[in-house]
Amino acid sequence: MAGLAIVVALVVIAIFAEALAPYSPYVGDLRTTRLLPPSAAHWVGTDDQGRDILSRIIFGTRITLL
């Protein structure tokens, strides 16, 4: 049952990825948001291109499942 719950949660996240992702997973800002640590604005932080990591994880789930 736990495995089924995880799979269902991932499918729901994949379906609603555009509504759940706080920022664009493709567009970054090299001047102000590059390599930021986790904070209230970026829960998981940002990468070296200034892109939000949480948004990239959510959209990565979407691409993998759909």
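Residues numbered from 1 in each chain as written. Predicted model: local features only at pLDDT ≥ 70, side-chain atom pairs only at ≥ 80, totals over all residues. Heavy atoms only, no water.

Details of the overall build of the chain
Inference 1: Helix and strand counts for the chain come out as 3 helices and 0 strands.
Inference 2: Along the longest, intermediate and shortest principal axes, the C-alpha atoms of the chain span 45 × 20 × 15 Å.
Inference 3: The proportion of buried residues among the 66 residues of the chain is 24%.
Inference 4: Restricting to contacts in the chain with at least 6 residues of sequence separation, those with at least 24 account for 44%.
Inference 5: If you sum the accessible surface of the chain, you get close to 4700 Å²; carbon and sulfur atoms cover 68% of it.
Inference 6: Distance between charge centroids for the chain: 3 Å, based on 5 positive and 5 negative side chains. (Helix = DSSP H or I, 4+ residues; strand = E, 2+ residues; numbered from the N terminus. Buried < 20%, exposed > 50% of the residue type's maximum accessible area, 1.4 Å probe, protein only. Contact = heavy atoms within 4.5 Å. Areas by Shrake-Rupley, 256 points an atom, 1.4 Å probe, with all protein chains shown as cover. Lys, Arg positive; Asp, Glu negative; His and termini not counted. Charge placed at Lys NZ, Arg CZ, Asp CG, Glu CD.)

As for the pattern of salt bridges
Inference 1: Tallied over the entire structure, the rule returns 2 salt bridges.
Inference 2: Between D47 and R51 there is a salt bridge, with its nearest N and O atoms 2.9 Å apart.
Inference 3: Two residues, R56 and D47, come together in a salt bridge whose shortest N-O distance is 3.9 Å.
Inference 4: It is possible to trace a salt-bridge network through shared partners that takes in D47, R51 and R56. (Salt bridge = Lys/Arg side-chain N within 4 Å of Asp/Glu carboxyl O.)

Quick word on the environment of F16
Inference 1: With respect to the secondary-structure elements, F16 resides in the loop between α1 (2–15) and α2 (17–20).
Inference 2: On the basis of relative accessible area, F16 is assigned to the partly exposed category, the value being 47%.
Inference 3: Residues F16 and F59, 43 residues apart in the sequence, show an inter-C-alpha distance of 9.6 Å.

Brief notes about a nonpolar patch on the surface
Inference 1: A surface patch of nonpolar side chains, about 1100 Å² in accessible area, is lined by M1, L4, I6, V7, V8, L10, V11, V12, I13, I15, F16 and L20.
Inference 2: Of note, I13 is situated in helix α1. (Patch = residues over 30% accessible without salt bridge, like charges linked within 9 Å, V, L, I, M, F, W, Y side chains within 5 Å.)

A word on the environment of P25
Inference 1: Relative to the helices and strands, P25 resides in the loop between α2 and α3 (53–65).
Inference 2: In this structure, the C-alpha to C-alpha distance between P25 and I15, residues 10 residues apart in sequence, is 16 Å.

Keep in mind these numbers describe shape, not what the thing actually does.
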